[in-house]
Amino acid sequence: IVLVSDKDRHVLAFGCNPENSTTQDPLLVRFSSQANPSDWSAQATNTAGDLTIGSGSEIVSAIETKQQILVFTDVSLHAMQFLGPPFTFGINVVSEITIASALAAINVEDTVYWMGRNEFYAYAGTVQRLPCTVRDYVFNDINSSQLAKITAGSNTAFGEIWWFYPSAGSQENDSYVVFNYMENVWSYG
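All of these numbers come straight from a predicted model, not from anything done at the bench.

Engineer: Can you tell me about the side chain of S32, naming the residues and giving the values?
Structural biologist: Here S32 lies in the loop between β3 (28–31) and β4 (49–52). Residue contacts for S32: discarding those within four places in its chain leaves H10, V11, P37, D39, W40, T47 and A48.

Pasting the structure below:
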């Protein structure tokens, strides 16, 4: 996963090789020097560097909010914030939760919504489990061997978060679940 931190202008790579290594570290986050996407060598004269996530076996997803970057591992959620030199970024554990896939989270109006392996969640400073009236139907009908295909989207004109997923009898996304965050209403199809 690669993204650009809009606030502080760093390029970040998630689950990458340590500097001067050919071995991938699935929990390593590296970042380029500020406003210089070609300088990845950590030195006292720049802000390039790296940090390692402390829990899980791999980074699954990362998504930027106005104040931080949320990093999902297979077992936890972490908040990464720009601190400035000399440490550049700091990271802390937010919660022990799951995310269904790399694309199962979306940021809408600075609230991140995501589908976990058996629950729906939102984060706007704290993690909240979303009460879901169709939870049993969705998670009993999902093809658990195809979770990597789950994708989130939004229709902000109607206040909706959509998740597309493969039903139990399908190898591809053929079903959806919708959360209307303005009216707290769920639907599926």
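Engineer: Describe the pairing of strand β6 (residues 69–73), listing the residues and the values that go with them.
Structural biologist: Of all the five residues making up β6, five are buried; the element is thus mostly covered by neighbouring parts of the structure. Because side chains alternate across β6, one face comprises the buried residues I69, V71 and T73, and the other comprises L70 and F72, equally buried. Pairing of strand β5 (residues 59–64) with β6, which is carried by five bridges, proceeds in the antiparallel orientation. Paired with I59 across the bridge in β6 is T73. As defined by bridge partners, β6 adjoins strand β7 (residues 77–84) across four bridges and the pair is classed as antiparallel. Along β7, the bridge assignment pairs L70 with A79. Hairpin connection, β6 to β7: the antiparallel pair is bridged by three residues.

What counts as what
Residues numbered from 1 in each chain as written. Predicted model: local features only at pLDDT ≥ 70, side-chain atom pairs only at ≥ 80, totals over all residues. Heavy atoms only, no water. Helix = DSSP H or I, 4+ residues; strand = E, 2+ residues; numbered from the N terminus. Contact = heavy atoms within 4.5 Å. Buried < 20%, exposed > 50% of the residue type's maximum accessible area, 1.4 Å probe, protein only. Pairing = 2+ DSSP bridges.

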